[in-house]
6 protein chains.
Amino acid sequence: MSGGTIDSFAQRIRSSEGGLISAWIGIPDPLFVNHLAQEAFDAVVLDMQHGVWDLGSAAVGIGQGRLAGKPVLARIPVGDFAAASRLLDAGASGIIAPMINSASDAVAFAKATKYPPVGERSWGPTLALNHTGLPAAEYLTTANDATVAIAMIETRAALDAADEIMRVDGIDGIFVGPSDLSIALSQGATVAPDTPEVDGVLKHLVARCRAHNKFACVFGSNGERAGELLKMGFDFVIAGADTQQLRSGAASAIAAARRIHASS
Amino acid sequence: MSGGTIDSFAQRIRSSEGGLISAWIGIPDPLFVNHLAQEAFDAVVLDMQHGVWDLGSAAVGIGQGRLAGKPVLARIPVGDFAAASRLLDAGASGIIAPMINSASDAVAFAKATKYPPVGERSWGPTLALNHTGLPAAEYLTTANDATVAIAMIETRAALDAADEIMRVDGIDGIFVGPSDLSIALSQGATVAPDTPEVDGVLKHLVARCRAHNKFACVFGSNGERAGELLKMGFDFVIAGADTQQLRSGAASAIAAARRIHASS
Amino acid sequence: MSGGTIDSFAQRIRSSEGGLISAWIGIPDPLFVNHLAQEAFDAVVLDMQHGVWDLGSAAVGIGQGRLAGKPVLARIPVGDFAAASRLLDAGASGIIAPMINSASDAVAFAKATKYPPVGERSWGPTLALNHTGLPAAEYLTTANDATVAIAMIETRAALDAADEIMRVDGIDGIFVGPSDLSIALSQGATVAPDTPEVDGVLKHLVARCRAHNKFACVFGSNGERAGELLKMGFDFVIAGADTQQLRSGAASAIAAARRIHASS
Amino acid sequence: MSGGTIDSFAQRIRSSEGGLISAWIGIPDPLFVNHLAQEAFDAVVLDMQHGVWDLGSAAVGIGQGRLAGKPVLARIPVGDFAAASRLLDAGASGIIAPMINSASDAVAFAKATKYPPVGERSWGPTLALNHTGLPAAEYLTTANDATVAIAMIETRAALDAADEIMRVDGIDGIFVGPSDLSIALSQGATVAPDTPEVDGVLKHLVARCRAHNKFACVFGSNGERAGELLKMGFDFVIAGADTQQLRSGAASAIAAARRIHASS
Amino acid sequence: MSGGTIDSFAQRIRSSEGGLISAWIGIPDPLFVNHLAQEAFDAVVLDMQHGVWDLGSAAVGIGQGRLAGKPVLARIPVGDFAAASRLLDAGASGIIAPMINSASDAVAFAKATKYPPVGERSWGPTLALNHTGLPAAEYLTTANDATVAIAMIETRAALDAADEIMRVDGIDGIFVGPSDLSIALSQGATVAPDTPEVDGVLKHLVARCRAHNKFACVFGSNGERAGELLKMGFDFVIAGADTQQLRSGAASAIAAARRIHASS
Amino acid sequence: MSGGTIDSFAQRIRSSEGGLISAWIGIPDPLFVNHLAQEAFDAVVLDMQHGVWDLGSAAVGIGQGRLAGKPVLARIPVGDFAAASRLLDAGASGIIAPMINSASDAVAFAKATKYPPVGERSWGPTLALNHTGLPAAEYLTTANDATVAIAMIETRAALDAADEIMRVDGIDGIFVGPSDLSIALSQGATVAPDTPEVDGVLKHLVARCRAHNKFACVFGSNGERAGELLKMGFDFVIAGADTQQLRSGAASAIAAARRIHASS
Ligand SMILES: [Mg+2]
Ligand SMILES: [Mg+2]
Ligand SMILES: [Mg+2]
Ligand SMILES: [Mg+2]
Ligand SMILES: [Mg+2]
Ligand SMILES: [Mg+2]
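Residues numbered from 1 in each chain as written. Chains lettered and ligands numbered in written order. Predicted model: local features only at pLDDT ≥ 70, side-chain atom pairs only at ≥ 80, totals over all residues. Heavy atoms only, no water.

Going by an unreviewed UniProt entry, chain A carries the name HpcH/HpaI aldolase and comes from Rhizobium grahamii CCGE 502. UniProt annotates chain A under Sequence similarities (unreviewed entry) with the comment "Belongs to the HpcH/HpaI aldolase family." (UniProt positions renumbered as here; feature names shortened; annotations may be inferred.)

Structure below.
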C-alpha cells in the first residue's frame, strides 16, 4: 500500500463503504506495530489511554505502521488534546479522544485537531510532510479532510449529548466504548460490553451517525464480536486488543502441543 | 508461581520429566513479556540473536517474566559470551548459545556461564541476588546447578561434534535449530525445518542426549509441531515464535469478523 | 511478600496501624526501584512531579517494585489526572496528586481514580489484572477500595479547604508537602519544612484526618525527621528522597575512606 | 562557557543587548543537542510542541546543552504547564508556552513557572541545584529572575490580548509564531510567515514589548530571515529549525559533490 | 521509492553505474534518519563504530530510512560480526565492516553475512521478510545477492592484504577509510584524509577493485571531496558525516543572520 | 571542575599522588550519574560488565558525569574491546577491561584503546572532540596519554602473567578484582574479597606496579575497606558500588526513623 493509499484512509472511512477492521495496540513497541500490521487489517490504532505509548514511541510506531502500508490512528489519554496535535504532526491518520462527554469537550478536541478556520491546530507537521510528501501549502489546506477526529461516546452524559457532539464542526465520527458504557449503565456494577442492553445503545448510536452523516466506530472484544458489530452497521471495528490476539494465538499453540503430545 | 518455583526450573528441565513448553520472544518489550507469560508456558526465552533485545531491555524483561511467575532464559547473539554472563547476573534461568559448532565453542560458552572450578564466570550477580533472595555465599555455590547452559546444534560441523560438545563440563543440554539445520543440510537450497530428513537428525540427537544424560530442547514452528517434538522425546520445546502466535491470533480474529459480517 | 500482600496495602494504610515508611524515587530507572525496594520499606513512591518518570518507565518501574514484593504508588504531575488512571492500570497501589487546593480539584482527582459510581475511571486495567491475578469483574468492584487516592495539601488555599477536600468521596487520605507549605507560609521567602510553624500545621492536619477518618501522609527530609513525623501521628512517611539516601550513603563511604587513609 | 555564564542568560535576554540567536531542536536526541550546541548559538530551544521530546529525554538534553556551555530553553506542548515546572526543575533556563491567547492563559503559565509570591511553582529543583551549584535557599529566591517565562503570541485572540498578556506578573517576554499567525490572519488559507502583512504585526509587537519593558522573541525560517528579524528589533531569534539546518547542509554537500563529479 | 527500488540497491552498486552518494549517520535517532533521508541521497549508512547506534535503535532506524524510500546500510563495531547478521535480519541493505585487515577477517565477516553455502548466516530474518515482502524460500536464495558485505581497508596490513581480501567469496566490495589510513601511513602523526599520498592509495584501490570486479566505496569529508572521489572512480561515496552537514548548515544560518543584522 | 581539570585526570592518576576515590555505577541511568557525581569523588566508573549500561546510555552518562565536573571511566564487558574504543570516542577518561589473563589479552586491549603507533584505535572521536574542545590534530597526538587503559587482574592466570601484562605497551595501570580473585584462589568455594590471603596478593600487586611504574586500582566493598586499600598503596580505589551506597543510606534512614518512632 503506497503513501497515497494510506493517506486516502480518511476518504474510505467517510465513504460509508463499511467493513473496516483495525488492529488495536497498547504495547508500546514500534516493531510490534510492524509485525501486527502485516496482517489484513485496514488500519492500526495505538492506544495511549489504557496502553503504554508516549509521544516519542508513538511517533516512531506511526512510522512503522506506515512502513507496513497501513494508516495509523492514535487514542489519546483523557483530555490530552495537546497530544492529539502532536500525533497528527507525526503522521497519524486520525485521533480517537476518550470520554467526550459534552459538546464543549468536542469543541476542545476539534480545536486541537483541525487547522483554522475550523479549529486552532498549530502549524508544525514536519514528519507528516515527510510521510505524505505534500508541500506545506497543500498539507495545510487538505489536512482537515485527510485526517479524522473521532469522539468517544462511553458515558451517560455522552449518550445524552450525542447529537450535540456530532453537530460540532470538525468532529468526523464517533467511537463507542462498550466496556465503559456498560459500567456507566450499571453504575459500576458490571463490565459487560456485549449484552442486549449495550447492543440497543449501539444501534441507536449508529442510527444517529447516519442521521448526522458521521461515521461510527466501536471496540469489539474479539473477532466474532467484531463481525456482529459490522453487521450492526458500524463502519470501523476493533476485533480484540493486541494482548487478546497475542494470548489467544499462544493459548491455541500450547493447547495444540499438549493435545498432540498427549495423543502419543 | 513463587521465586522458589522459578528457581527450581533448572531442576525440572534436568529431571527428564519432559513436556516443557516455552514462549519465545524477539520483540524487545518488557511488558510484552509480562502479557505473554500469563499463558500456560513453563518458561520464556528472550531471543537476542534474531530478535531485537539488548542487555538493558533484557534485564528488565527478565524481571517482567519473573513477576509473572515464569523462569526466563535468553538466547545470546553468536559468540557473545560476555552477554551470557550479564544475563545470568540479571536473573536469567538459563542461556541458549547459537552456533556451538565445536567442543572449543562449548568450552568458551561454559567458561562464561559457570563459576570456578567449572568455568570463569565473573562475580557480580546483583540483580540475581535480589531476585532469588539468596545470600552471596549460597548463590556462588549453587548457581552452576541452578542455571542452565544450553548449546545450539544447528550446522553440519555441530552434528559431527555433537558428542564432544555434550561431554564438555558445564554444558547442561542442547537446543536444536531445525531451520538452520535444514539450510545446512541442503547447502543453502531450502529452509524446511519439518521434514523427515530433519526428523531423523532430531531423533538421533535426542538419543545422544539420553546417552550423555543431557536434556534436549528444540524450536517448533507452531503448536502442532511442538507436540510432535515432545513426542520425539524432547524435554523442552518452542511452540512457535511470538510473532507467529501474535499474527495467527490476529488472523483468526480478522477471519472470524469477515465470516460473520459476510453471513448477514 | 506475595501479590496478595502487596494488594493488601490499601487496607494497611487505612487501618491506622501507623508506622509505614516508604521509599521515594525520582530517578526514572526501573532497576533502581528494584534495588531500593530490597530495603525494609513498606512501599515505594515514584515521583513524576519533581522526578523524571514518564508513563512508560513508571509502568515498568511499578513492575520492578512489585517483583521486589513492595506496593508501588506514584505521584503525578500537577493536574495530570489522565496519568493517574494510567498508573492504576499499570498496577500502582495508589496515586498522590500534588497541589489539590480545593474541593473541585479533589473531585477531578477522584473522578480519574475511582470507577463509577464514585468516579469515572475508564476501564482498561490490563497490567493490573496481570499483576493482581483478579478476574475483570472482581477487579472492577474492588479496585476503588484496593487502591488509594491521596490529595496533597501544600498551599494556603489547600489549608483553608482541607476539611472540604477530605469530605470529597473517593479521597482516601492526604499527603502534606512541608517544603511547599513553608514556601507558601513565608510568601516565597524560605524553604524550611522542619520548623515549629510547619509542625503546628502538620499536627492540625493529622487531627483533621482523624476527625474525617482519613489517613495522613507526609514527606520527611531524612530518617530522623521521618521518625518525628511518625510520632506526630502520621500513618505513612517518607524518610528522605532517593537522592538524599544515595548521596548520604556515598558521603559516608567517602568520609570513612578518607578517615582511615589519614590514620596511616 | 561556565555554569555562571549559562545562568546569566536571563539577565542577557532581559538587558536588551539584542542580537541573540538560538538553535531550535525537535529531534529528541540528547547527543544531537550536544553537537548542534557546538556552533555559535547563544542558546538552544528544545521543542516539545511540534518536536518529539518528552520530559525524560528533555531532562537529559538540557544537560547535554549545558555541557556544551549553552543555556537550554524548552517550548512546552499547548497548555502543559506541569511540564513547564518539571523542565525548570531539570535545569531549563526558560520556558516558551505556545498559544497564550489571553491574560488568564498567561496567569496559568506564570503560576507554574514562578515561585511564590508571583506564582505557585512547586519546590523540587533537584537537577537545577546540581547544575547551578546554588544552595536551596538561594535558588528559591533567585529562580524567578534567573529563568524566563515566555508567552507565545500567534493567534488573533492573542494579538487582541497582547497588552494584557504582557502585563501579567511573571511573564518575562513574548515569542511570536509567524507561521501560526499567518494561518490565523488568512483564516487557514495560507502558511506564509514572511510577508509584509506579518511584518507589520511583528513590528507592532516589538513596539508593545518596548512599551511594557518585556523582551521579544520570534521564529525565523532561516538565517537570512533571522537577520531581518534582528533588524526589526527582536531580542532573540531562531535562524531555522534543526531539520532545516540539517537538510540545507546535506543538500549543499550533495550539490557540491554532483557539481564536481559532473565537471570531470 | 518503493520497496522494490530499495531492494534493488545491491544491483545498482554492483552495476558500476557509479555516482552513488550516501548519508552517514552517527546520531542514534530514528527520526533523524527519516529527516535526512528526505534529501537526494542514494542510500543511508548508520554508523555503529564511531556513532552511538545499538541494535535496537538501528532496527527502528532502518525502518525509518526505508519509510523515506532509501536503502539503509550499517557499519558495525570492529569485529562484531554477530551484529552484522542481526542488522541484515532487521532489513539492512548492506553491512560495512571496519578494520578488515586480512583474508581471515574477511572470511569471518562473510560467514556472518551470507547464507550457506557461501557463509553461515543463521536463519531468522523476521523484519527483513516484512520489509521486502518476500516469502522465506525466496529470501533465502536471493539474500546473498540482494544485500552487500563491504570490507573496510584502512590499515597498512589491509593494504598489503587487499587482493586477498577481495578474493574472499562473499565480499562484495570495499570501503576505504582515509582518516585511519592517513594515521596508519603517518604512524600516528597526523589525521589527513585528503592528501596526495592518500589519493595515490585510493586510486590504487579503485584499480584493484576493477581488476577483481568488486565495487569501491569511500568516506569523503564533505561535498567537494565527495565529488573528487567520484571522479577517481569510486562507486559510492560519503559527502560528510551527519554532524558535519548539520553544523555546516547551522553555521551558514548563523553567519547569514549576523551578516544581515550587521548591515543595518 | 572545568573540562581542563577533567581532562587532566590521566595525569593525576599516573602521578602517584594517590588517594583517589571513585564512584562505581551499575544502574544505567544518566541522571543517577549526575546526582552521585555531586559527592566528593575524584572520578566515576560506569560498569558495563556486571552493570546494565549499554553504549548509548553510557555515552550520555559520560556527559552527565562531565557536566558534574568529574572524569568518567567505564568498565567494558569481558573481551568487548570494540566497546572500549567507542567509549573513548564518547569522552571516557579511561577504560577498565576485566579478565585480562595474559599478555595477549593485554595487547588486544591496548590495540583498541591507543592510536598508532602504540595500537590501532580507529579515528572518530566526535563527542570527545566536543567535550575536550581539542582540535583533531591535537586530540590524535595527545589521546594516548590523556586517557588510561587499565587491565583487571583477577584470576590465577592473570596473577601468573601480571609482570608480562604490565610490560605491554599501552597498558597504563591495573585494577584488581578481589571478589573474583578470592573465588579463583578458593576454586569457587568462597567469595571473600577482604581476607588476609587476598591482602597478600594485593600488596604483591601494588609492589609489582611500583616496579613497573604503573598505577594500581582496586575495588573496595565499602568506605572502610577503601581506606585500608589506600593505606596499602593503591592509587585509585572504589568505596562500594552504587547499590551498596544507596542501600546503606536507605537502611540508615529507615533505622533512624524506626528508632525515633519507637522512642515515643
Ligand atoms: Mg473507554
Ligand atoms: Mg538458528
Ligand atoms: Mg510539593
Ligand atoms: Mg506556533
Ligand atoms: Mg576508520
Ligand atoms: Mg571481577
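Don't stop here, the text continues.
**Things to note about the overall build of chain A**
A tally of helices and strands in chain A yields 14 helices and 8 strands. Scaling as 2.2 N^0.38, a compact globule of 264 residues should have a C-alpha radius of gyration of about 18 Å, and chain A matches this with 18 Å. Projected onto the principal axes, the alpha-carbon positions of chain A cover approximately 70 × 40 × 30 Å. Within the span of chain A, comprising 264 residues, buried residues form 67% of the whole. (Helix = DSSP H or I, 4+ residues; strand = E, 2+ residues; numbered from the N terminus. Rg over C-alpha atoms; globule rule 2.2 N^0.38 Å. Buried < 20%, exposed > 50% of the residue type's maximum accessible area, 1.4 Å probe, protein only.)

**Concerning the coordination of the magnesium ion (ligand 6)**
All names here are of chain F. The coordination sphere of the magnesium ion (ligand 6), as far as protein atoms go, consists of Glu154 (OE) and Asp180 (OD), spread over 2.0 to 2.2 Å. Highlighted residues: Glu154 in the loop between β5 (148-153) and α9 (156-160) and Asp180 in helix α11 (residues 178-185), separated in sequence by 26 residues. Of the residues examined, Glu154 reaches a relative accessible area of 2% and is grouped as buried. (Donors = N, O, S within 2.8 Å, 3.2 Å for Na, K, Ca; no water.)

**Regarding the relation of the copies chain A and chain B**
For the pair chain A and chain B, the best superposition has an RMSD of 0.0 Å and corresponds to a rotation of 180° with a translation of 0.0 Å parallel to the axis. What the rotation and shift describe, once combined, is the action of a two-fold rotation axis. Here 100% of the interface residues in chain A have copies in chain B that are interface residues too; the copies meet face to matching face. (Least-squares fit on C-alpha atoms with pLDDT ≥ 70 in both. Contact = heavy atoms within 4.5 Å.)

**A few points about the UniProt feature "domain: HpcH/HpaI aldolase/citrate lyase" (unreviewed entry) in chain A**
The UniProt record annotates "domain: HpcH/HpaI aldolase/citrate lyase" (unreviewed entry) at residues 24-247 of chain A. Taken end to end, residues 24-247 of chain A has its terminal C-alpha atoms 14 Å apart, with 49% of it in helix and 16% in strand.

**Side note on the environment of Ala207 of chain B**
Residue and element names in this part refer to chain B. Tracing the backbone shows Ala207 in helix α12 (residues 196-212). In this structure Ala207 comes out as partly exposed when scored by relative accessible area, which is 41%. Measuring from C-alpha to C-alpha, the distance between Ala207 and Asn130 comes to 38 Å, with 77 residues separating the pair along the chain.

**A look at the interface of chain D and chain F**
Taken together, the contact between chain D and chain F spans 14 residues of the former and 14 residues of the latter. Buried surface at the junction of chain D and chain F, summed over both partners, amounts to about 1300 Å²; 69% is from carbon and sulfur atoms. The interface formed by chain D and chain F includes 0 salt bridges. Counting every contact that joins chain D to chain F gives 4 residue pairs in polar contact (both at pLDDT 80 or more). (Buried area = accessible area lost by both parts, 1.4 Å probe. Salt bridge = Lys/Arg side-chain N within 4 Å of Asp/Glu carboxyl O. Polar contact = N/O pair within 3.5 Å; in protein donor to acceptor, adjacent residues only side chain to side chain.)

**Looking at the packing of aromatic side chains**
A full pass over the atoms with the stated rule returns 45 aromatic pairs over all chains. On the numbers, 5.6 Å between centres and 70° between planes, the contact of Phe32 of chain A with Phe32 of chain B is edge-to-face. Taken together, the residues Phe32 of chain A in helix α3 (residues 30-36) and Phe32 of chain B in helix α3 (residues 30-36) connect one chain to another. Of the residues examined, Phe32 of chain B reaches a relative accessible area of 0% and is grouped as buried. Relative to Tyr139 of chain D, the ring of Tyr115 of chain D has its centre 6.3 Å away and its plane inclined at 85°; by these criteria the two rings are edge-to-face. You can see Tyr115 of chain D sitting in the loop between α6 (103-113) and α7 (126-132) and its partner Tyr139 of chain D sitting in helix α8 (residues 136-146), a full 24 residues away along the chain. (Phe/Tyr/Trp six-rings, centres within 6.5 Å; stacked < 30°, edge-to-face > 60°.)

**Here's the deal with the pattern of salt bridges**
Tallied over the entire structure, the rule returns 78 salt bridges over all chains. Note that Lys114 of chain D is salt-bridged to Asp172 of chain D, the shortest N-O span being 2.9 Å. Of this pair, Lys114 of chain D sits in the loop between α6 and α7 while Asp172 of chain D sits in the loop between α9 (156-167) and β6 (173-176), and the two are 58 residues apart along the sequence. Looking at Lys114 of chain D, the relative accessible area reads 2%, which means it is buried. For Asp172 of chain D, a relative accessible area of 12% gives the class buried. A salt bridge links Asp47 of chain E to Arg75 of chain E, with the nearest nitrogen and oxygen atoms 2.9 Å apart. You can see Asp47 of chain E sitting in strand β2 (residues 43-47) and its partner Arg75 of chain E sitting in strand β3 (residues 72-75), a full 28 residues away along the chain. Both residues of the pair, Asp47 of chain E and Arg75 of chain E, belong to the buried class. Put simply, Arg12, Glu17 and Asp42 of chain A together with Arg258 of chain B are held in one network by salt bridges that share partners.

**So, the arrangement of the chains**
Where chain C comes nearest to chain E, the C-alpha atoms are still 17 Å apart, and the two do not contact one another. Contact between chain A and chain F is absent, and the minimum C-alpha spacing across the pair is 17 Å.

**A short note on the coordination of the magnesium ion (ligand 5)**
With distances of 2.0 to 2.2 Å, the protein atoms coordinating the magnesium ion (ligand 5) are Glu154 of chain E (OE) and Asp180 of chain E (OD). Look at Asp180 of chain E and you get buried, because its relative accessible area is 7%.

**Topic: the relation of the copies chain D and chain F**
Note on the copies: chain D fits chain F at an RMSD of 0.0 Å, the axial shift is 0.0 Å, and the rotation between them is 180°. When you check the interface residues of chain D against chain F, 100% turn up at the interface there too, and the contact is symmetric in its surfaces.

**Topic: the nonpolar core**
Side chains of a nonpolar character, in soluble globular proteins, are inclined to be buried together. Among the nonpolar cores identified, the biggest contains 436 residues, and Leu87 of chain A, Leu87 of chain B, Leu87 of chain C, Leu87 of chain D, Leu87 of chain E together with Leu87 of chain F are the most heavily contacted of them. Setting aside anything within four residues of it in sequence, one finds Leu87 of chain A in contact with Met48, Leu55, Ala58, Ile62, Ala74, Ile76, Ala92 and Ile95 of chain A. (Core = buried A, V, L, I, M, F, W, Y, C linked by side-chain atoms within 4.5 Å.)

**As for the sheet that holds strand β4 (residues 94-97) of chain E**
Around the barrel, 8 strands lie side by side as β1-β2-β3-β4-β5-β6-β7-β8 (chain E); this closed barrel has parallel pairing. Put simply, the sheet's adjacent strands are angled 25° from each other on average, direction ignored. (Pairing = 2+ DSSP bridges. Axes fitted to C-alpha atoms, helices over the stretch in contact; angles between N-to-C directions.)

**A closer look at the interface of chain A and chain B**
With 42 residues of chain A at the contact, the number on the chain B side is 42 residues. For the pairing of chain A and chain B, the buried interface totals around 3600 Å² over both sides, and the portion due to carbon and sulfur atoms is 71%. In this assembly, chain A and chain B are joined by 4 salt bridges. Where Arg247 of chain B meets Glu39 of chain A, a salt bridge forms, and the shortest distance between an N and an O atom there is 2.7 Å.

**Some remarks on the packing of helix α4 (residues 55-67) of chain D against helix α5 (residues 81-89) of chain D**
All names here are of chain D. Across the interface, α4 lies against α5 with an axial gap of 10 Å and an inter-helix angle of 30°. Here α5 runs roughly parallel to α4, going by the angle between their axes. Helix-helix and strand crossings are classified by hand; for α4 and α5 the assignment is right-handed. Where α4 approaches α5, its residues Leu55, Ala58 and Ile62 are matched on the opposing element by Ala83, Arg86 and Leu87. (Parallel < 35°, antiparallel > 145°, perpendicular 65-115°, else oblique. Left-handed = near helix turned anticlockwise from the far one by under 90°.)

**Thoughts on helix α14 (residues 242-262) of chain B**
Spacing of three or four residues puts side chains on the same side of an α-helix, whose turn is 3.6 residues. Here α14 of chain B contains 21 residues, and its C-alpha end-to-end distance of 30 Å stays within 8% of the 30 Å for a straight helix at 1.5 Å per residue. Restricting attention to buried positions, one finds in α14 of chain B the residues Asp242, Thr243, Gln245, Leu246, Gly249, Ala250, Ala253, Ile254, Ala256, Ala257 and Ile260 of chain B. (Expected span 1.5 Å × (residues − 1).)

**Examining the pairing of β5 of chain F**
Residue and element names in this part refer to chain F. Where burial is concerned, most of β5 is hidden: 6 out of the 6 residues are buried. Alternating residues of β5 divide into Val148, Ile150 and Met152 and Ala149, Ala151 and Ile153, and every residue in both groups is buried. With 4 bridges joining them, strand β4 (residues 94-97) and β5 adopt parallel strand pairing. Across the sheet, Ile96 pairs through a bridge with Ile150, a residue of β5.

**Comments concerning helix α8 (residues 136-146) of chain A**
Residue and element names in this part refer to chain A. Within the sequence span of α8, burial applies to Tyr139, Leu140, Ala143 and Asn144. The arc enclosing the buried residues of α8, seen along the axis, measures out at 120°, which places them on a common side. In this structure, α8 carries Ala137 and Asp145 as exposed residues pointing more than 90 degrees from its buried face. (Arc of directions from axis to C-beta.)

**Some details on the packing of helix α11 (residues 178-185) of chain B against α12 of chain B**
All names here are of chain B. At a minimum axis distance of 10 Å, the contact between α11 and α12 shows a crossing angle of 115°. In terms of orientation, α11 lies roughly perpendicular with respect to α12. For the pair α11 and α12, the sense of crossing is right-handed. On α12, the residues touching Pro178, Leu181, Ser182 and Leu185 of α11 are Glu197, Val198 and Val201. Here the residues of the contact of α11 with α12 sort into 5 nonpolar, 1 polar and 1 charged. (Nonpolar A, V, L, I, M, F, W, Y, C, P; charged D, E, K, R; others polar.)

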